[in-house]
Amino acid sequence: MATMSMDQDTAQVLFSEGATMVCLDVPEGTEFGIDYSSWTIGAQFKGVKMIPPGIHFVYYSARSKQTGEIGPRSGSFIEFEKKGVAVRKWDEVKEDLADDNVSDDDIQRIKDNLKELDRFLGPYPYDRYRKWVSLSNFITPELLDKLQPLSKRISSVTDFISEVSNTQTRKSQSTSSHTKKLKYSTDEIGTSKEINSQEVPEENAEPTSLKEAESKLPDMKVREESKIRFSLIPKQKYPPDSTPAEMTKYSIDFSYALESMLSISYCHNEMGILGEIQFAFICFLIGQVFDAFEQWKNLVHIVCASEEALTKHSTLFLNFISVLHFHIQETPEDFFVDILSENNFLTSTLQEFFSNLENMAPDNGLRNRGLKFRDYLTQKFKWDFTTEPDDYAPTIVDLE
(Lines give C-alpha, C1' and ligand atoms only; values in the text may rest on other atoms or scores of the structure.)
Protein backbone atom coordinates (compact mmCIF):
# COMPACT_ATOMS: atom_id res chain seq x y z
CA MET A 1 0.00 0.00 0.00
CA ALA A 2 1.12 3.55 -0.69
CA THR A 3 2.97 5.48 1.97
CA MET A 4 1.17 8.27 3.81
CA SER A 5 1.87 11.97 3.62
CA MET A 6 0.99 13.64 6.92
CA ASP A 7 2.62 15.62 9.68
CA GLN A 8 3.85 13.92 12.84
CA ASP A 9 1.07 15.30 15.06
CA THR A 10 -1.67 14.00 12.74
CA ALA A 11 0.04 10.63 12.54
CA GLN A 12 0.15 10.34 16.33
CA VAL A 13 -3.53 11.27 16.66
CA LEU A 14 -4.61 8.73 14.04
CA PHE A 15 -2.36 6.08 15.52
CA SER A 16 -3.97 6.46 18.94
CA GLU A 17 -7.55 7.34 17.96
CA GLY A 18 -7.96 6.06 14.39
CA ALA A 19 -10.07 3.04 13.59
CA THR A 20 -8.89 -0.31 12.25
CA MET A 21 -10.40 -2.66 9.71
CA VAL A 22 -9.16 -6.26 9.91
CA CYS A 23 -9.75 -8.38 6.80
CA LEU A 24 -9.18 -12.11 7.26
CA ASP A 25 -8.33 -14.71 4.60
CA VAL A 26 -8.51 -12.31 1.64
CA PRO A 27 -6.81 -14.03 -1.34
CA GLU A 28 -3.62 -12.54 -2.71
CA GLY A 29 -4.22 -10.49 -5.85
CA THR A 30 -7.65 -9.24 -4.75
CA GLU A 31 -8.33 -5.61 -5.56
CA PHE A 32 -9.10 -3.80 -2.30
CA GLY A 33 -9.93 -0.16 -1.76
CA ILE A 34 -11.14 2.35 0.76
CA ASP A 35 -12.63 5.68 -0.29
CA TYR A 36 -10.57 7.19 -3.10
CA SER A 37 -7.66 4.70 -3.12
CA SER A 38 -7.33 1.03 -4.10
CA TRP A 39 -4.56 -1.56 -4.29
CA THR A 40 -3.81 -5.10 -5.40
CA ILE A 41 -3.07 -6.77 -2.09
CA GLY A 42 -0.26 -9.16 -1.22
CA ALA A 43 -0.14 -12.36 0.78
CA GLN A 44 0.47 -10.64 4.13
CA PHE A 45 -2.37 -8.11 3.91
CA LYS A 46 -4.62 -8.15 6.98
CA GLY A 47 -6.42 -4.82 6.72
CA VAL A 48 -6.13 -1.05 7.18
CA LYS A 49 -5.19 0.99 10.25
CA MET A 50 -5.28 4.68 11.26
CA ILE A 51 -8.67 5.23 9.58
CA PRO A 52 -10.15 8.67 10.45
CA PRO A 53 -13.42 8.16 12.38
CA GLY A 54 -16.51 8.63 10.25
CA ILE A 55 -18.18 7.14 7.19
CA HIS A 56 -16.01 5.40 4.58
CA PHE A 57 -16.63 3.24 1.52
CA VAL A 58 -14.79 -0.10 1.48
CA TYR A 59 -14.80 -2.12 -1.75
CA TYR A 60 -13.13 -5.14 -3.34
CA SER A 61 -13.00 -7.32 -6.44
CA ALA A 62 -11.96 -10.97 -6.55
CA ARG A 63 -9.35 -12.11 -9.06
CA SER A 64 -9.89 -15.29 -11.07
CA LYS A 65 -7.29 -17.97 -10.31
CA GLN A 66 -7.62 -19.36 -13.83
CA THR A 67 -7.50 -16.20 -15.96
CA GLY A 68 -6.23 -13.56 -13.55
CA GLU A 69 -9.10 -11.26 -14.51
CA ILE A 70 -10.70 -8.96 -11.94
CA GLY A 71 -14.33 -9.75 -11.16
CA PRO A 72 -17.28 -7.45 -10.38
CA ARG A 73 -16.85 -4.86 -7.65
CA SER A 74 -18.67 -5.07 -4.33
CA GLY A 75 -18.53 -2.79 -1.33
CA SER A 76 -20.30 -1.20 1.58
CA PHE A 77 -20.39 2.03 3.53
CA ILE A 78 -19.06 1.58 7.06
CA GLU A 79 -19.20 4.05 9.93
CA PHE A 80 -15.92 3.73 11.85
CA GLU A 81 -15.87 4.84 15.47
CA LYS A 82 -12.89 6.36 17.25
CA LYS A 83 -10.47 3.52 18.15
CA GLY A 84 -13.04 1.12 16.72
CA VAL A 85 -12.17 -2.25 15.19
CA ALA A 86 -14.23 -3.70 12.32
CA VAL A 87 -13.59 -7.32 11.40
CA ARG A 88 -14.53 -8.94 8.09
CA LYS A 89 -13.72 -12.42 6.79
CA TRP A 90 -13.49 -13.55 3.17
CA ASP A 91 -16.25 -15.87 1.99
CA GLU A 92 -14.78 -18.06 -0.76
CA VAL A 93 -18.16 -19.12 -2.11
CA LYS A 94 -19.67 -15.63 -2.37
CA GLU A 95 -16.28 -13.93 -2.99
CA ASP A 96 -17.31 -11.36 -0.45
CA LEU A 97 -16.02 -9.75 2.74
CA ALA A 98 -18.67 -10.56 5.32
CA ASP A 99 -19.16 -10.02 9.04
CA ASP A 100 -21.71 -12.78 9.62
CA ASN A 101 -18.99 -15.44 9.49
CA VAL A 102 -16.96 -13.88 12.35
CA SER A 103 -17.80 -14.89 15.91
CA ASP A 104 -17.74 -12.57 18.92
CA ASP A 105 -14.85 -14.62 20.33
CA ASP A 106 -12.86 -14.05 17.12
CA ILE A 107 -13.46 -10.31 17.32
CA GLN A 108 -12.39 -10.13 20.95
CA ARG A 109 -9.26 -12.19 20.25
CA ILE A 110 -8.31 -9.85 17.40
CA LYS A 111 -8.80 -6.78 19.59
CA ASP A 112 -6.63 -8.30 22.31
CA ASN A 113 -3.84 -9.06 19.83
CA LEU A 114 -4.11 -5.97 17.61
CA LYS A 115 -0.48 -4.98 18.20
CA GLU A 116 0.70 -8.27 16.74
CA LEU A 117 -1.32 -7.57 13.59
CA ASP A 118 0.02 -4.03 13.22
CA ARG A 119 2.81 -4.89 10.76
CA PHE A 120 0.25 -6.57 8.46
CA LEU A 121 -2.01 -3.50 8.37
CA GLY A 122 -1.62 -0.83 5.71
CA PRO A 123 -1.99 2.84 6.75
CA TYR A 124 -5.02 4.77 5.58
CA PRO A 125 -4.06 7.01 2.59
CA TYR A 126 -4.42 10.26 4.50
CA ASP A 127 -3.17 12.40 1.61
CA ARG A 128 -6.55 11.77 -0.10
CA TYR A 129 -8.72 12.16 2.97
CA ARG A 130 -9.68 15.75 2.17
CA LYS A 131 -10.97 14.64 -1.22
CA TRP A 132 -13.07 11.95 0.38
CA VAL A 133 -14.59 14.41 2.87
CA SER A 134 -15.48 16.79 0.04
CA LEU A 135 -17.31 13.93 -1.71
CA SER A 136 -19.18 12.61 1.34
CA ASN A 137 -19.65 15.38 3.93
CA PHE A 138 -23.47 15.35 3.66
CA ILE A 139 -23.79 11.56 4.03
CA THR A 140 -25.00 10.72 7.54
CA PRO A 141 -25.57 7.38 9.32
CA GLU A 142 -29.33 8.04 9.14
CA LEU A 143 -29.08 8.56 5.38
CA LEU A 144 -27.16 5.30 4.97
CA ASP A 145 -29.90 3.45 6.85
CA LYS A 146 -32.40 4.93 4.41
CA LEU A 147 -30.52 4.34 1.14
CA GLN A 148 -28.31 1.28 1.53
CA PRO A 149 -29.63 -2.12 0.45
CA LEU A 150 -30.99 -4.26 3.26
CA SER A 151 -27.98 -6.52 2.72
CA LYS A 152 -25.65 -3.50 3.27
CA ARG A 153 -23.79 -4.71 0.18
CA ILE A 154 -23.48 -2.61 -2.96
CA SER A 155 -22.57 -4.55 -6.08
CA SER A 156 -21.72 -3.44 -9.61
CA VAL A 157 -23.67 -6.47 -10.90
CA THR A 158 -27.42 -6.68 -10.39
CA ASP A 159 -28.38 -9.61 -8.18
CA PHE A 160 -31.19 -11.43 -10.00
CA ILE A 161 -33.28 -14.36 -8.82
CA SER A 162 -35.47 -16.49 -11.08
CA GLU A 163 -38.91 -17.82 -10.39
CA VAL A 164 -39.07 -21.51 -9.50
CA SER A 165 -39.38 -23.61 -12.65
CA ASN A 166 -40.45 -27.22 -12.74
CA THR A 167 -41.43 -29.82 -15.30
CA GLN A 168 -45.13 -29.02 -15.07
CA THR A 169 -44.66 -25.26 -15.70
CA ARG A 170 -42.35 -25.91 -18.65
CA LYS A 171 -44.83 -28.40 -20.14
CA SER A 172 -47.66 -25.93 -19.74
CA GLN A 173 -45.66 -23.20 -21.46
CA SER A 174 -44.76 -25.59 -24.25
CA THR A 175 -48.34 -26.72 -24.72
CA SER A 176 -49.69 -23.17 -24.78
CA SER A 177 -47.11 -22.17 -27.39
CA HIS A 178 -47.77 -25.20 -29.64
CA THR A 179 -51.42 -26.26 -29.87
CA LYS A 180 -51.65 -29.78 -31.18
CA LYS A 181 -53.42 -29.73 -34.50
CA LEU A 182 -54.89 -33.12 -35.50
CA LYS A 183 -56.79 -34.29 -38.53
CA TYR A 184 -58.86 -37.42 -38.35
CA SER A 185 -60.38 -39.80 -40.90
CA THR A 186 -62.57 -42.85 -40.48
CA ASP A 187 -61.62 -46.17 -42.02
CA GLU A 188 -64.05 -48.69 -43.43
CA ILE A 189 -64.75 -50.37 -40.11
CA GLY A 190 -65.49 -47.04 -38.30
CA THR A 191 -62.22 -46.71 -36.34
CA SER A 192 -60.81 -43.24 -36.09
CA LYS A 193 -57.18 -42.86 -36.92
CA GLU A 194 -54.85 -39.86 -36.83
CA ILE A 195 -53.29 -38.54 -40.02
CA ASN A 196 -51.01 -35.53 -40.68
CA SER A 197 -50.62 -35.02 -36.97
CA GLN A 198 -48.33 -32.24 -35.70
CA GLU A 199 -46.74 -33.49 -32.52
CA VAL A 200 -46.03 -31.27 -29.54
CA PRO A 201 -42.37 -30.26 -29.78
CA GLU A 202 -39.76 -31.48 -27.39
CA GLU A 203 -39.19 -29.37 -24.30
CA ASN A 204 -35.80 -28.20 -25.57
CA ALA A 205 -36.89 -27.62 -29.17
CA GLU A 206 -35.68 -24.50 -30.93
CA PRO A 207 -38.18 -21.60 -30.71
CA THR A 208 -39.74 -20.51 -33.98
CA SER A 209 -40.38 -16.86 -33.05
CA LEU A 210 -39.06 -14.12 -30.82
CA LYS A 211 -42.22 -14.19 -28.71
CA GLU A 212 -41.84 -17.91 -28.20
CA ALA A 213 -38.16 -17.49 -27.27
CA GLU A 214 -39.04 -14.82 -24.70
CA SER A 215 -41.70 -17.10 -23.19
CA LYS A 216 -39.02 -19.72 -22.52
CA LEU A 217 -36.79 -17.30 -20.61
CA PRO A 218 -36.85 -17.57 -16.81
CA ASP A 219 -38.75 -14.86 -14.94
CA MET A 220 -35.85 -12.83 -13.51
CA LYS A 221 -36.39 -10.43 -10.63
CA VAL A 222 -33.96 -8.29 -8.67
CA ARG A 223 -33.30 -9.72 -5.22
CA GLU A 224 -35.14 -7.39 -2.87
CA GLU A 225 -32.42 -7.13 -0.23
CA SER A 226 -29.85 -6.12 -2.86
CA LYS A 227 -31.72 -3.03 -4.11
CA ILE A 228 -30.36 0.44 -3.36
CA ARG A 229 -33.34 2.28 -1.90
CA PHE A 230 -33.08 5.58 -3.74
CA SER A 231 -35.73 8.25 -3.20
CA LEU A 232 -38.54 8.18 -5.72
CA ILE A 233 -38.47 10.90 -8.36
CA PRO A 234 -41.96 12.48 -8.70
CA LYS A 235 -43.49 11.59 -12.04
CA GLN A 236 -45.97 14.46 -11.85
CA LYS A 237 -44.08 17.73 -11.72
CA TYR A 238 -47.10 19.97 -10.98
CA PRO A 239 -49.59 20.12 -8.06
CA PRO A 240 -52.93 18.29 -8.18
CA ASP A 241 -55.81 20.29 -9.68
CA SER A 242 -53.39 22.64 -11.42
CA THR A 243 -54.62 25.06 -14.01
CA PRO A 244 -53.19 24.72 -17.54
CA ALA A 245 -50.94 27.69 -16.79
CA GLU A 246 -49.60 26.03 -13.61
CA MET A 247 -49.07 22.73 -15.41
CA THR A 248 -46.97 24.53 -18.01
CA LYS A 249 -45.04 26.48 -15.38
CA TYR A 250 -44.09 23.51 -13.20
CA SER A 251 -43.25 21.34 -16.18
CA ILE A 252 -40.42 23.82 -16.80
CA ASP A 253 -39.72 24.94 -13.23
CA PHE A 254 -39.24 21.77 -11.11
CA SER A 255 -39.70 23.59 -7.78
CA TYR A 256 -42.88 21.66 -6.93
CA ALA A 257 -41.11 18.33 -7.57
CA LEU A 258 -38.18 19.45 -5.40
CA GLU A 259 -40.49 20.58 -2.59
CA SER A 260 -42.30 17.23 -2.78
CA MET A 261 -39.05 15.30 -2.38
CA LEU A 262 -37.91 17.50 0.50
CA SER A 263 -41.22 17.12 2.35
CA ILE A 264 -41.53 13.36 1.79
CA SER A 265 -37.95 12.10 1.98
CA TYR A 266 -36.09 14.86 3.82
CA CYS A 267 -38.60 16.65 6.00
CA HIS A 268 -36.23 16.68 8.99
CA ASN A 269 -33.10 17.73 7.09
CA GLU A 270 -33.31 19.21 3.61
CA MET A 271 -29.55 18.80 3.19
CA GLY A 272 -30.22 15.07 3.00
CA ILE A 273 -30.94 15.39 -0.71
CA LEU A 274 -27.35 16.59 -1.15
CA GLY A 275 -26.23 13.52 0.78
CA GLU A 276 -28.20 11.33 -1.63
CA ILE A 277 -26.56 13.10 -4.58
CA GLN A 278 -23.17 12.32 -3.02
CA PHE A 279 -24.19 8.75 -2.21
CA ALA A 280 -25.32 8.14 -5.81
CA PHE A 281 -22.13 9.68 -7.20
CA ILE A 282 -19.88 7.49 -5.02
CA CYS A 283 -21.87 4.35 -5.87
CA PHE A 284 -21.35 5.11 -9.55
CA LEU A 285 -17.81 6.49 -9.64
CA ILE A 286 -16.26 4.11 -7.09
CA GLY A 287 -18.86 1.34 -6.76
CA GLN A 288 -19.38 1.12 -10.56
CA VAL A 289 -23.19 0.96 -10.25
CA PHE A 290 -24.69 2.46 -13.42
CA ASP A 291 -28.20 2.84 -11.96
CA ALA A 292 -26.68 5.20 -9.39
CA PHE A 293 -25.50 7.44 -12.22
CA GLU A 294 -29.08 7.70 -13.47
CA GLN A 295 -30.25 8.73 -9.98
CA TRP A 296 -27.45 11.29 -9.76
CA LYS A 297 -28.48 12.80 -13.10
CA ASN A 298 -32.16 12.95 -12.11
CA LEU A 299 -31.46 14.62 -8.76
CA VAL A 300 -29.02 17.14 -10.27
CA HIS A 301 -31.56 18.02 -12.94
CA ILE A 302 -34.38 18.58 -10.43
CA VAL A 303 -32.23 20.90 -8.33
CA CYS A 304 -30.87 22.83 -11.32
CA ALA A 305 -34.33 23.34 -12.85
CA SER A 306 -36.01 24.64 -9.67
CA GLU A 307 -36.15 28.43 -10.09
CA GLU A 308 -38.94 29.29 -7.66
CA ALA A 309 -37.18 27.39 -4.84
CA LEU A 310 -33.93 29.39 -5.14
CA THR A 311 -34.94 32.09 -2.66
CA LYS A 312 -36.67 29.79 -0.17
CA HIS A 313 -33.79 27.26 -0.03
CA SER A 314 -30.77 29.48 -0.66
CA THR A 315 -28.55 27.58 1.80
CA LEU A 316 -29.40 24.31 0.08
CA PHE A 317 -28.43 25.72 -3.31
CA LEU A 318 -25.19 27.24 -1.99
CA ASN A 319 -24.16 23.83 -0.69
CA PHE A 320 -25.33 22.20 -3.92
CA ILE A 321 -22.86 24.33 -5.86
CA SER A 322 -20.04 23.08 -3.61
CA VAL A 323 -21.14 19.45 -3.98
CA LEU A 324 -21.26 19.69 -7.76
CA HIS A 325 -17.97 21.56 -7.84
CA PHE A 326 -16.16 18.74 -6.07
CA HIS A 327 -17.85 16.08 -8.20
CA ILE A 328 -16.62 17.76 -11.36
CA GLN A 329 -13.19 18.60 -9.91
CA GLU A 330 -12.45 15.07 -8.75
CA THR A 331 -13.53 13.36 -11.96
CA PRO A 332 -11.27 12.90 -15.00
CA GLU A 333 -12.09 15.35 -17.78
CA ASP A 334 -12.62 12.60 -20.37
CA PHE A 335 -15.39 11.18 -18.15
CA PHE A 336 -17.58 14.15 -18.94
CA VAL A 337 -16.62 14.09 -22.59
CA ASP A 338 -17.37 10.40 -23.02
CA ILE A 339 -20.49 10.07 -20.85
CA LEU A 340 -22.03 13.44 -20.15
CA SER A 341 -21.13 15.87 -22.90
CA GLU A 342 -21.94 13.32 -25.56
CA ASN A 343 -25.60 13.64 -24.61
CA ASN A 344 -25.20 17.28 -23.58
CA PHE A 345 -26.77 16.48 -20.21
CA LEU A 346 -24.60 18.44 -17.81
CA THR A 347 -24.06 21.51 -19.97
CA SER A 348 -27.76 21.90 -20.79
CA THR A 349 -28.81 21.22 -17.17
CA LEU A 350 -26.32 23.71 -15.77
CA GLN A 351 -27.34 26.22 -18.40
CA GLU A 352 -30.85 26.11 -16.92
CA PHE A 353 -29.41 26.60 -13.44
CA PHE A 354 -27.23 29.56 -14.39
CA SER A 355 -30.09 31.14 -16.34
CA ASN A 356 -32.29 30.91 -13.25
CA LEU A 357 -29.57 32.49 -11.13
CA GLU A 358 -29.18 35.39 -13.56
CA ASN A 359 -32.85 36.28 -12.96
CA MET A 360 -32.11 36.93 -9.27
CA ALA A 361 -31.14 40.32 -7.85
CA PRO A 362 -27.60 41.39 -8.85
CA ASP A 363 -26.45 41.67 -5.21
CA ASN A 364 -27.70 38.19 -4.26
CA GLY A 365 -24.92 36.05 -2.74
CA LEU A 366 -26.25 32.81 -4.22
CA ARG A 367 -26.38 34.37 -7.68
CA ASN A 368 -22.81 35.63 -7.47
CA ARG A 369 -21.50 32.32 -6.14
CA GLY A 370 -23.24 30.41 -8.92
CA LEU A 371 -21.98 32.66 -11.71
CA LYS A 372 -18.41 32.34 -10.41
CA PHE A 373 -18.89 28.58 -10.64
CA ARG A 374 -20.05 29.06 -14.24
CA ASP A 375 -16.88 31.02 -15.04
CA TYR A 376 -14.75 28.26 -13.50
CA LEU A 377 -16.41 25.57 -15.65
CA THR A 378 -16.08 27.68 -18.78
CA GLN A 379 -12.38 28.15 -18.14
CA LYS A 380 -11.67 24.52 -17.16
CA PHE A 381 -13.76 22.63 -19.72
CA LYS A 382 -14.41 25.33 -22.33
CA TRP A 383 -18.14 24.66 -21.91
CA ASP A 384 -20.39 27.28 -23.49
CA PHE A 385 -23.32 28.30 -21.29
CA THR A 386 -24.36 31.28 -23.40
CA THR A 387 -25.42 29.54 -26.62
CA GLU A 388 -28.97 28.27 -26.63
CA PRO A 389 -29.10 24.42 -26.69
CA ASP A 390 -30.42 22.83 -29.86
CA ASP A 391 -33.37 21.42 -27.91
CA TYR A 392 -34.60 24.93 -27.18
CA ALA A 393 -33.77 26.52 -30.51
CA PRO A 394 -36.70 27.45 -32.77
CA THR A 395 -37.59 24.97 -35.48
CA ILE A 396 -37.41 26.30 -39.04
CA VAL A 397 -40.24 24.98 -41.19
CA ASP A 398 -39.93 24.94 -44.97
CA LEU A 399 -43.38 25.95 -46.21
CA GLU A 400 -42.57 24.86 -49.73
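Residues numbered from 1 in each chain as written. Predicted model: local features only at pLDDT ≥ 70, side-chain atom pairs only at ≥ 80, totals over all residues. Heavy atoms only, no water.

S.K.: Is there a simple way to explain the side chain of D96 in this structure?
M.R.: Mapped onto the elements of the fold, D96 is located in strand β8 (residues 96-98). In this structure D96 comes out as buried when scored by relative accessible area, which is 9%. At 2.4 Å, the side chain of D96 and the side chain of Y60 are in polar contact. (Helix = DSSP H or I, 4+ residues; strand = E, 2+ residues; numbered from the N terminus. Buried < 20%, exposed > 50% of the residue type's maximum accessible area, 1.4 Å probe, protein only. Polar contact = N/O pair within 3.5 Å; in protein donor to acceptor, adjacent residues only side chain to side chain.)

S.K.: Please clarify how the packing of aromatic side chains should be interpreted in this entry.
M.R.: Summed over the entire model, instances satisfying the criterion amount to 21 aromatic pairs. Consider the rings of F284 and F290, whose centres lie 6.4 Å apart with planes at 70 degrees: the pair is edge-to-face. Taking the relative accessible area as the measure of exposure, F284 reaches 12% and is therefore buried. Taken together, F317, F320, F353, F354, F373, F381, W383 and F385 form an aromatic cluster joined through their ring pairs. The ring of F254 has K237 lying over it, and the distance from NZ or CZ to the ring centre is 5.5 Å. Across the ring face of F381, the terminal group of K380 is positioned such that the distance to the ring centre comes to 5.5 Å. (Phe/Tyr/Trp six-rings, centres within 6.5 Å; stacked < 30°, edge-to-face > 60°. Lys NZ or Arg CZ within 6 Å of the ring centre and 35° of its normal.)

S.K.: What's the story with unusual backbone geometry in this structure? I'm lost.
M.R.: Across residues other than glycine, the phi torsion is negative in most instances, and most of the peptide bonds are trans. Its identity is not glycine, yet K152 carries a phi of approximately 65 degrees, on the positive side. Given a relative accessible area of 37%, K152 falls into the partly exposed group. Although it is not a glycine, K382 sits at a positive phi angle of roughly 60 degrees. By secondary structure assignment, the location of K382 is in the segment after α16 (365-381). Of the residues examined, K382 reaches a relative accessible area of 65% and is grouped as exposed.

S.K.: What's the story with the sheet that holds strand β10 (residues 154-155) in this structure? I'm lost.
M.R.: Backbone hydrogen bonds are what pair the strands of a sheet, in a parallel or an antiparallel way. The antiparallel open sheet is built from five strands, whose spatial order is β3-β2-β5-β6-β10. A single partner strand is all that each edge strand has here, and the edge strands are β3 (37-40) and β10. Helix-sheet contacts for helix α10 (residues 272-285) involve β5 (54-61), β6 (74-80) and β10, and the interaxial angle to β6 is about 135 degrees. (Pairing = 2+ DSSP bridges. Contact = heavy atoms within 4.5 Å. Axes fitted to C-alpha atoms, helices over the stretch in contact; angles between N-to-C directions.)

S.K.: Would you mind showing me how to read the pattern of salt bridges here?
M.R.: Pairs can form between side chains of opposite charge once their charged atoms are near each other. With the rule as written, the count across this model stands at 12 salt bridges. When the shortest N-O distance is used, the salt bridge between D106 and R109 registers 2.6 Å. Highlighted residues: D106 and R109, both in helix α2 (residues 104-112), separated by three residues, approximately one helical turn. By relative accessible area, R109 is classed as partly exposed at 47%. Between R374 and E358 there is a salt bridge, with the nearest N and O atoms lying 2.9 Å from each other. Within this pair, whereas R374 is found in helix α16, its partner E358 is found in helix α15 (residues 345-358), the two being separated by 16 residues in sequence. (Salt bridge = Lys/Arg side-chain N within 4 Å of Asp/Glu carboxyl O.)

S.K.: Explain the pairing of β3 here, please?
M.R.: Taken residue by residue, a regular strand's side chains alternate between the two faces of the sheet. Here β3 shows a clear split, with S37 and W39 buried on one side and none of S38 and T40 buried on the other. Pairing of strand β2 (residues 31-34) with β3, which is carried by four bridges, proceeds in the antiparallel orientation. Looking at β3, one finds that I34 is bridged to S37. In textbook terms, the turn of a hairpin is the stretch between consecutive antiparallel strands, and for β2 and β3 this stretch comprises two residues, one of which, D35, has a positive phi near 60 degrees.

S.K.: Explain the packing of α10 against helix α13 (residues 314-329) here, please?
M.R.: Packed helices, taken two at a time, are described by their axes: the angle between them and the distance between them. At a closest axis distance of 10 Å, the pairing of α10 and α13 adopts a crossing angle of 10 degrees. On the basis of their axis angle, the class for α10 and α13 is roughly parallel. The residues of α13 that touch α10, namely those facing I273, L274, I277, Q278 and F281, are L316, N319, F320, V323 and H327. Looking at the contact of α10 with α13 residue by residue, the classes come out as seven nonpolar, three polar and no charged. (Parallel < 35°, antiparallel > 145°, perpendicular 65-115°, else oblique. Nonpolar A, V, L, I, M, F, W, Y, C, P; charged D, E, K, R; others polar.)

S.K.: Can you help me understand the sheet that holds β8 in this one?
M.R.: Spatial ordering of the open sheet is given by β8-β7-β1-β4-β9, a layout of five strands whose pairing is mixed. Lying at the two open borders of the sheet, with one neighbouring strand each, are β8 and β9 (121-123). With direction set aside, neighbouring strand axes in the sheet form an average angle of 25 degrees. The pairing of strand β1 (residues 19-24) with strand β7 (residues 85-91) spans five bridges and is parallel. Of the residues in β7, the one forming a bridge with C23 is R88.

S.K.: I would appreciate a short explanation of the side chain of T30 in the present structure.
M.R.: Relative to the elements of secondary structure, T30 occurs in the loop between β1 and β2. On the basis of relative accessible area, T30 is assigned to the buried category, the value being 2%. Excluding residues that lie within four positions of it along the chain, T30 makes contacts with W39, T40, I41, Y60, S61, A62 and W90.

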